[in-house]
Structures are given as structure tokens and as C-alpha cells.
Amino acid sequence: MSLENKSLVTIDDLSNGEIMALFSLADGMSANMKEQHGLCQGKIMASLFFEPSTRTRLSFEAAMQRLGGSVITVSDIGATSLSKGESIADMARVVGGYADIIVIRHPWEGAARVMADYAGIPVINAGDGGHQHPTQTLCDLYTIQKERHTIKGLKIALWGDLKYGRTIHSLIFALAKFGADILFCPSPGLEVPQHVIDKLITEYGGDLEKLGSLDQTAKDNLFPLDAIYTTPSSPHQLAMMPDISVQIELKEGVDALYVTRPQKERFDAGEEGRDFKEKYPVVDKKLLKGRVFRKTLVMHPLPRVDELAYEVDADERSMYFKQATRGIPVRMALLSFLLGARGLDVPEVDSPPPVDYPVYRHDISPVCPNPKCVSIQATEIKYLKPEFKIVKTRPLTLRCVYCEHGFEPKYVASTDWHEGKLDTKKYHDADSHWARTIRPENLIVFNKAEEAQAHGFKPSHYTGGHH
Ligand code: NCD
């Protein structure tokens, strides 16, 4: 098998078997670092970083050089033609002609997808806004796998900014893919976005229980638990009594505590002034004295700010510098797969089957409501057609293929209105019985009544148009 010419935009782009194959190659490479020099000789990696980075960029560049390849780089958005209004697609086609592989970090969600669609060479997403950061996730998983020799059945707590943390979003899906249980410990106000939860439940199965009433347990354990995701591979008999099941669960301890900093650069206007620090529990020696943390791996993608005390560094449970160091063999393995320098032996491991949703791609289309989505930016809207997956029908829910945000459109119509299915060109409430009679391939959706009217559709109660 080969991953040659594939891109890594979200963590779903790799199956569990491919991830395991990557880990065994990374093991081999870290044991023989000096011998990898010939693997990617003559290949060029373009690293395009339009947001700050230390670890990700340096480790990608070091990885490529250790493979004998070379690196061309751009790190200041002001020094590129993007500042002159060049689109990502144009830049992709140009850089695609200069290099053999692209690594991109960009503030717009879905930017790496667009790059991959137009570059003609493999593209690796090194972080696109608050969306995903799949290679950080590979380093995180690799660390868990090395320390615990499995991921399945582990209890992993995610701590801090679960709303904007892109490393969190990729990690959630990866943990679910491998059958771990996830404990959500968000800083209040920075809970996991609904579209991430929806995808978690519909695509990976399992249950999510909100634990509003866990005050006492929370206090006893100094553990601000908000929700728990239980994987379908480890059914919990006590799931009907969440408080009890969680207390029993937690007795065995937490396998890893994944701490993140508040992603202040992504806060919206209302969040900027708020002091999350006060309610943002610091992971320190005192907290880690709790019974549940006896054998816990303390992880962090770094950089840390105030949420993880320096006094933890000397503790043998701390893993964050190991995570960063392991970025080199993991990224070396990934680059050699995508450049076709190594084929892979995929071990037999279960992977949840991909879910095929109907696609909404229509001349009449709402735009993605996420202001950070690549598809609505002035330079990109000129050529990118909005595209969505119809992920749910009750309530009707669309998911943007670029940023993966979901939304529930207010009104619907059908392209089928000529065939007499709907007797005039009318639009209807998305939750009306009409909406359910429209086949996905005929569906037209609107966020506002004015949009429908602008396209010549009449309200459903309109009767003047009969003939
Ligand atoms: C993370 C990122 O950029 O999302 N950093 C990293 O790549 N290790 C985490 C962060 O910035 O908080």
C-alpha cells in the first residue's frame, strides 16, 4: 500500500491502520535517525506558515532535512502575494509547481483543504484556524501509544479551551476512532462546539453525557468535569446513572490529562474582555495529588501560558517535552509516506467506516455562516463554490466541507417544482412536512426569507401563483 500523493487535511484522512503503520515507521526511524538521509533526497518541501509557530514549523523542517530533502519557506504573510490579494488557489498552483509537498498553517478554517484541492501535490495541514491540527494529534497519539501500548479503552481528559483548540478537535476524533473514553473539562464558556459533538456522535458512535450535577464529585476530585464521551467499544452498564458510573469510572484513574492554553487570538469580541484565568484551573502539583491522577500522563501541545505550572516539569508523569521531541520521527514518517519514499504495511485494525452524506452543491446556495471559514473570505469567494454535506434531516443540518461548521437553514425549496411536485415555486419552513418530501438531490436551502424571494420563490402560504 502507499499513501503517495495523498494529503493530510483532517485526521479522518488516515485510517487507524495507516496511523499504526506510521507509528511503526516512526519507531524505526527514531532508532536509526542518522540512516534516513537518503530517503527524500532531491525533494523539496514548501513550508507556508501564515500564523506563529515554533515547534510545528521547526520540526517539519528538521524532519525534511533529516530525510535528505530541502526546504523553501515563507513565514510572514506580509511578505507574500496573499497581502496583495492573491487567492489561496493561485498560490497553491504556483507553489505546487515549485515543490514536492506543502505544509501550511493558516488562520482561516478550511484553508488547507483549498490548498490541497488546487496544489496538485500533497498538502499537510499544520493548523487551520480553530479547525484541526492533525499532525499534532499524531504526536499526541504516538505518545499515548508509546507510554500505554494501547489507546483503546483509555480515559483521556481534555482540559482548557475546548472551543477554539484545533489540537483538541483533531484529538477528539482520533481518540474516538481508537475507542478511548473522553472526559471533557472545559474552562467555563469554552466548551466543545456543537458541530464537533455532532460529528463525534454520528460518525464514531458512542454516547455523550452532560454531567451538570456532578458538583460533589467534582469538588472531591478537584476535577471540573462537564461531559463524558463513552466509546461504543466499551459499553457502560451504568450509563443510565451517570453520576454513579462516572464515580466508578474515575476510581480507576485518568490515563492522560491533555492541557491546553486559552486560544486568545481566536476569541470573539464578547470573549476578549473576560477573565478565563480565574475559572481556568491550573494544573499543578496540588491538583495532581488527586487519586485519579496517580498514574496520569500530563500532556500539552505547547506553548503553555499559565494553565500548567512549571513545578510539574520534573514530575515523571509530565509528557509535553517528549510529545514535542517525538514530532521529528512522526513527521519524518509522514513525509516519507506522502512523498512515496516508503510504502506501508497496514496492520489489521478496526477503523470506523467513513459515513457518506448527500452533498449540497447548488447555484442557489447559502454561504457558510462561520466568519472564519475560508469559503467566505473576499479573495476566495470569487472562485470557491459553497459546498455542504447534508448531515441530518431532523432538524435539517448542513456541514461546510471546508471548515466543517454545521448550521440549520431556516427555509427550503425544491428544484423539482417544475415536475408538479410542488405546484408553484415556493419556499417552506425547514421543519415543515414539505421539507421532508424533498429529496436531497432536489433540495435548495435558504438562511433568510429574503434570499428565497430574491431567487423568485414565494412563501408557502402564497396562493396567487396557481395555474
Ligand atoms: C498548538 C497550535 O498551534 O494549535 N501548538 C502546536 O502546534 N504545538 C497549540 C497552541 O497554539 O496552543
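Above this text sits the structure in question.
Basis of the calculations
- Per chain, residues are indexed from 1 in the order of the written sequence.
- For this predicted model, a pLDDT threshold of at least 70 governs which residues receive local features, and a threshold of 80 or more governs which side-chain atom pairs are given and counted, while totals over whole chains, interfaces and linings are taken from all residues.
- Computation of side-chain values: all heavy atoms of the structure, hydrogens and water removed.
- Two distance rules govern patches: like charges are joined within 9 Å, and nonpolar side chains (Val, Leu, Ile, Met, Phe, Trp, Tyr) within 5 Å, applied only to residues with over 30% relative accessible area and no salt bridge.
- Only the protein chains shown count as cover for residues, with accessible areas throughout obtained via the Shrake-Rupley method and a probe of 1.4 Å.
- For salt bridges, the criterion is a side-chain nitrogen of Lys or Arg within 4 Å of an Asp or Glu carboxyl oxygen.
- A run of H or I in DSSP becomes a helix once it reaches four residues, and a run of E becomes a strand once it reaches two; helices and strands are each numbered from the N terminus.
- Throughout, the term near means that a residue has one or more heavy atoms lying within 4 Å of the molecule or strand in question.
- Whenever a nitrogen or oxygen atom comes within 3.5 Å of another N or O atom, the pair is scored as a polar contact, on the condition that within protein one atom can donate a hydrogen and the other can accept it, and that pairs from neighbouring residues in sequence are kept only if both atoms are in side chains.
- The classification used treats Ala, Val, Leu, Ile, Met, Phe, Trp, Tyr, Cys and Pro as nonpolar, Asp, Glu, Lys and Arg as charged, and all other residues, Gly among them, as polar.
- Remark: nonpolar core denotes a set of buried residues (Ala, Val, Leu, Ile, Met, Phe, Trp, Tyr, Cys) joined through side-chain atoms within 4.5 Å.
- Burial status follows relative accessibility: with a 1.4 Å probe on protein chains alone, a residue under 20% of its type maximum counts as buried, one over 50% as exposed, and anything between as partly exposed.
- These domain limits were set by an automatic method or by a database of domain assignments.
- Whether two residues are in contact is decided by their heavy atoms, any of which lying within 4.5 Å being enough.
- A pair of strands is labelled paired if DSSP reports no fewer than 2 bridges between them.
- Between rings of Phe, Tyr and Trp, where Trp is taken as its six-membered ring, a pair exists when centres lie within 6.5 Å; planes separated by under 30 degrees are stacked, by over 60 edge-to-face, and by other angles tilted.
- Each ring is checked for a lysine NZ or an arginine CZ that lies within 6 Å of its centre and within 35 degrees of its normal; such an atom marks a charge sitting over the ring.

Chemist: How do you make sense of a nonpolar patch on the surface when you look at a structure like this?
Modeler: On the surface, a cluster of nonpolar side chains totalling about 280 Å² of accessible area is made up of I72, V94 and Y98. Tracing the sequence through the fold places V94 in helix α3 (residues 88–98).

Chemist: Looking at this structure, I do not really get the site of the ligand. What am I missing?
Modeler: The local shell around the ligand consists of R55, T56, R105, H133, Q136, R166, T167, R261, Q263, P301, L302 and P303. The contact in question runs from a nitrogen atom of the ligand to an N or O atom on the side chain of Q136, over 3.1 Å. In the model, an oxygen atom of the ligand is placed 2.7 Å from a nitrogen or oxygen of the R166 side chain. Coverage of the ligand by the protein amounts to 95% of the 320 Å² it exposes when considered alone. Of all the secondary structure elements, the ones that give two or more residues to the shell around the ligand are α2 (55–66) and α6 (166–177). Taken together, the residues that form the shell around the ligand break down as three nonpolar, five polar and four charged.

Chemist: Explain the nonpolar core here, please?
Modeler: The tendency in soluble globular proteins is for nonpolar side chains to be buried side by side. Formed by 66 residues in total, the largest nonpolar core has its most connected members in L138, L141, L158, I172, L175, F184 and L335. Among the domains, domain 1 (11–129 + 327–338) and domain 2 (135–323) are the pair contributing at least three residues each to this core.

Chemist: What's the story with the side chain of S87 in this structure? I'm lost.
Modeler: The residue S87 is located in the loop between β2 (70–74) and α3 in this model. Judged by relative accessible area, which is 7%, S87 ranks as buried. From its side chain, S87 meets the backbone nitrogen of D90 in a polar contact 3.1 Å long. Excluding residues that lie within four positions of it along the chain, S87 makes contacts with L82, T379, E380 and Y383.

Chemist: Looking at this model, I keep getting lost on the environment of G406. Mind explaining?
Modeler: With respect to the secondary-structure elements, G406 resides in strand β14 (residues 406–407). Apart from the residues lying within four places of it in its own chain, the contact partners of G406 are H195, L398 and R399.

Chemist: Which parts of the structure should I look at to understand the sheet that holds strand β11 (residues 359–360)?
Modeler: Whether parallel or antiparallel, the strands of a sheet pair through hydrogen bonds between backbone atoms. Strand order in the open sheet formed by four strands is β11-β12-β13-β14, and the pairing between neighbours is antiparallel. Sheet topology places β11 and β14 at the edges, where each strand pairs with a single neighbour. Looking at chain direction, strand β12 (residues 388–393) and strand β13 (residues 396–400) are connected through five bridges and run antiparallel. Considered in β13, the bridge of I390 is made with L398.

Chemist: Explanation requested: the packing of aromatic side chains in the structure shown.
Modeler: Throughout the structure, instances matching the rule amount to nine aromatic pairs. Between Y164 and F267, the ring centres sit 5.8 Å apart and the planes meet at 45°, which makes this aromatic pair tilted. With Y164 in the loop between β5 (155–160) and α6 and F267 in the loop between β9 (256–259) and α10 (269–272), this pair connects stretches of sequence that are 103 residues apart. One exposure class covers both Y164 and F267, and it is buried. When the ring of F173 is compared with that of Y204, the centres are 5.8 Å apart and the planes differ by 25°; the resulting orientation is stacked. Highlighted residues: F173 in helix α6 and Y204 in helix α7 (residues 194–204), separated in sequence by 31 residues. As far as the burial class goes, F173 and Y204 line up, both buried. By way of ring pairs, the aromatic residues Y360, F388 and F407 are connected into one cluster. One cation-aromatic arrangement involves K199 over F173; the distance from NZ or CZ to the ring centre is 4.7 Å.

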